[in-house]
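This is what each chain is made of:
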Amino acid sequence: MRVRTWPVVGVIFAVLWVFVRGLPLTPVSVVRGLLAGLLVGLPVAFVFRRLYSKDLDLGRVTRALPYAGLYLGAFTWELLRANVDVAYRVLSPGMPIEPEVILVPLRVESDLAITIIANSITITPGTVTLDYDDETNALYVHGVNGRDPEAIAEPIRTWEDYALELFNEAASPSDPPPEIVVSGGERDSTADNQDEGIDDD
């Protein structure tokens, strides 16, 4: 079933209005808040209707909701894990931080999916999206854990698997992801050890 997008967006604005206002959870307060939100949200959504698609497939949205929940859950878990990891690195006496830039080719192709993944990377402590390469459909990602580039790419791949279903992309989560490219090339542990043993004599 297809419906106009702007009224749905207006209703979403109204629901957000109730949460932002922090109204008491009484039926009267919630209904008043929703009505006030609709009075503001529907005209705003109508004025800016050209910013989003004309129609919305409600069936497709319903099918995508579980993947939105899975994406949010995976992102929240990685956010918590990354906070602990970065705190450990900062508080450790040796400061085990070895920055690296990797190129992560993507399977998602829509602007919205790429933007959400890029922002998820930046919001997560320890990683930052530096740039997007349009020709190769890849993100340049800076991470503090340069010794293990695959560990940087792993959560990104998990988010992308859910985004492929969430945004109805052409590729499938079962398709193998392209190989990442490490900016500094393969790390040579022997060379690293030799560098650490050099004296100033």
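Check the entry above for the structure.
Okay, so let's go over this structure.

Reading guide: rules and limits
Residues numbered from 1 in each chain as written. Predicted model: local features only at pLDDT ≥ 70, side-chain atom pairs only at ≥ 80, totals over all residues. Heavy atoms only, no water. Core = buried A, V, L, I, M, F, W, Y, C linked by side-chain atoms within 4.5 Å. Buried < 20%, exposed > 50% of the residue type's maximum accessible area, 1.4 Å probe, protein only. Helix = DSSP H or I, 4+ residues; strand = E, 2+ residues; numbered from the N terminus. Contact = heavy atoms within 4.5 Å. Salt bridge = Lys/Arg side-chain N within 4 Å of Asp/Glu carboxyl O. Expected span 1.5 Å × (residues − 1). Bend = angle between axes of the 7 residues up to and from the residue. Polar contact = N/O pair within 3.5 Å; in protein donor to acceptor, adjacent residues only side chain to side chain. Axes fitted to C-alpha atoms, helices over the stretch in contact; angles between N-to-C directions. Parallel < 35°, antiparallel > 145°, perpendicular 65-115°, else oblique. Nonpolar A, V, L, I, M, F, W, Y, C, P; charged D, E, K, R; others polar.

1. Looking at the nonpolar core
Looking at soluble globular proteins, one finds that nonpolar side chains tend to be buried together.
Link 1 in the chain: Core analysis: the largest hydrophobic core is formed by 23 residues, its most contacted members being Ile 102, Val 108, Ile 117, Leu 139 and Val 141.
Link 2 in the chain: Mapped by element, the contributors of at least two residues to this core are helix 3 (58–91), strand 3 (100–105), helix 4 (111–123), strand 5 (138–143) and helix 5 (149–166).
Link 3 in the chain: For this core, the leading source of residues is helix 5, giving six residues.
Link 4 in the chain: Aside from chain neighbours lying at most four places away, what touches Val 108 is Ala 113, Ile 114, Ile 117, Asn 137, Glu 160, Ala 163, Leu 164 and Glu 169.

2. Points about the pattern of salt bridges
Link 1 in the chain: Under the counting rule described, the total for this entry stands at seven salt bridges.
Link 2 in the chain: The salt bridge involving Asp 55 is made with Arg 4; its shortest N-O contact spans 4.0 Å. In this pair, Asp 55 is assigned in strand 2 (residues 55–57) and Arg 4 in strand 1 (residues 2–4), connecting sequence segments 51 residues apart.
Link 3 in the chain: Classification of Arg 4 by relative accessible area gives partly exposed; the value is 45%.
Link 4 in the chain: Three or more residues are tied together by salt bridges with common partners; here these are Arg 107, Arg 157, Glu 160 and Asp 161.

3. Quick notes on helix 3
Link 1 in the chain: Over its 34 residues, helix 3 runs 49 Å from end to end, which matches the ideal 50 Å to within 8%, given 1.5 Å per residue.
Link 2 in the chain: In helix 3, a bend of some 35° at Ala 64 exceeds every other bend along the element, and Pro 66, a proline, comes one to four places later.
Link 3 in the chain: For helix 3, every residue scored as buried is listed here: Arg 60, Ala 64, Tyr 71, Ala 74, Phe 75, Glu 78, Ala 82 and Arg 89.
Link 4 in the chain: Of the surrounding elements, those touching the buried residues of helix 3 are strand 2, helix 4 and helix 5.
Link 5 in the chain: Its side-chain oxygen at 3.1 Å from the backbone nitrogen of Gly 59, Asp 57 defines the N-terminal cap of helix 3.

4. Details of the packing of helix 3 against helix 5
Link 1 in the chain: Contact geometry for helix 3 and helix 5: axes closest at 8 Å, N-to-C directions at 170°. Relative to helix 5, the element helix 3 is oriented roughly antiparallel. When helix 3 is examined against helix 5, the residues Arg 60, Ala 64, Tyr 67, Ala 68, Leu 70, Tyr 71, Ala 74, Phe 75 and Glu 78 are found in contact with a partner set consisting of Pro 155, Thr 158, Trp 159, Tyr 162, Ala 163, Glu 165 and Leu 166.
Link 2 in the chain: In the contact of helix 3 with helix 5, the residues fall into 12 nonpolar, one polar and three charged.

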